[in-house]
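# Notes for the structure review
This is what each chain is made of:
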Amino acid sequence: MTAYRRNFAEGGCFFFTVNLAERRLALLTDHVELLRAAFRETHRRHPFTIDAIVVLPDHLHTVWTLPEGDADFAMRWQLIKSTFSRGLARNERISQSRLAKGERGIWQRRYWEHTIRDDVDFARHVDYVHINPVKHGLVNRVRDWAPSSFHRHVKLGNYPVDWAGDQSDDGRDYGERG
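To start, this report covers the structure provided alongside it. (Residues numbered from 1 in each chain as written. Predicted model: local features only at pLDDT ≥ 70, side-chain atom pairs only at ≥ 80, totals over all residues. Heavy atoms only, no water.)

### What about the layout of surface pockets?
- Here the second largest pocket defines a volume of roughly 300 Å³.
- Lining the second largest pocket are 14 residues, with Arg36, Phe39, Ile50, Ile53 and Val55 positioned closest to its centre.
- Within the residue set of the lining of the second largest pocket, elements represented by two or more residues are helix 2 (32-45) and strand 2 (49-55).
- The biggest single contributor to the lining of the second largest pocket is helix 2, with six residues.
- A breakdown of the residues in the lining of the second largest pocket according to their chemical character gives eight nonpolar, three polar and three charged. (1 Å grid on protein atoms, 1.4 Å probe; cavity = no way out; pocket = protein on both sides within 12 Å on 5 of 7 lines; lining within 4 Å. Points joined across faces, edges and corners; volume = space filled by probe spheres on them. Helix = DSSP H or I, 4+ residues; strand = E, 2+ residues; numbered from the N terminus. Nonpolar A, V, L, I, M, F, W, Y, C, P; charged D, E, K, R; others polar.)

Right, here's the structure in full:
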């Protein structure tokens, strides 16, 4: 088994990608209010700052900053995932290994985490979060994807409303599989 290493930097800033177990489902956008409630409940109990977030049908990307002296993003993800899962009907496929451990089959067990190194790294990851619906062909313009912090960033003056323009028929390959 691969030994996963996490960088638990107290008060750190992190980029995450979190996926559904079955990538063909659209549970996150179909139940976005339930997901928002899971984030709110976790934030209420264990504060953190969501610097950027985008919710796609089968995965999400987000940038968080944890409070000074706190490095426990893993516990927050566990709470978000379990709170969301409890709100869904129990009709997903569950592998034998998950069944033996009493786990649901909603989320992939692992997630991608990257520690933000500096302001340039932060800006690149926030941009990546916001461009993601365009990369996946869900919309042609970033502003057309509702479950995204892009709209908050526009109101704050961090982006113009037409940031990244209209990508319809641009022929670009963003390097991700569909």
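### Quick word on the packing of aromatic side chains
- Under the criterion given, the structure shown has 17 aromatic pairs.
- A network of ring pairs unites the aromatic residues Phe14, Phe16, Phe39, Phe48, Trp64, Phe73, Trp77 and Tyr111 as a single cluster. (Phe/Tyr/Trp six-rings, centres within 6.5 Å; stacked < 30°, edge-to-face > 60°.)

### Overview of the sheet that holds strand 3 (residues 59-65)
- If you trace the four strands from one edge of the open sheet to the other, you get 2-3-1-4, paired in antiparallel fashion. At either end of the open sheet lies a strand with only one pairing partner, and these are strand 2 and strand 4 (112-115). Neighbouring strand axes in the sheet, compared pairwise and without regard to direction, differ in orientation by 15° on average.
- Bridge count for strand 1 (residues 13-19) against strand 3 is seven bridges, and the pairing is antiparallel. Residue phenylalanine 16 lies in a different strand from strand 3, and its bridge partner there is threonine 62.
- Strands in contact with helix 2 are strand 2 and strand 3; relative to strand 2, the strand with the most contacts, it is inclined by about 165°. (Pairing = 2+ DSSP bridges. Axes fitted to C-alpha atoms, helices over the stretch in contact; angles between N-to-C directions. Contact = heavy atoms within 4.5 Å.)

So yeah, pure geometry; function would need other evidence.
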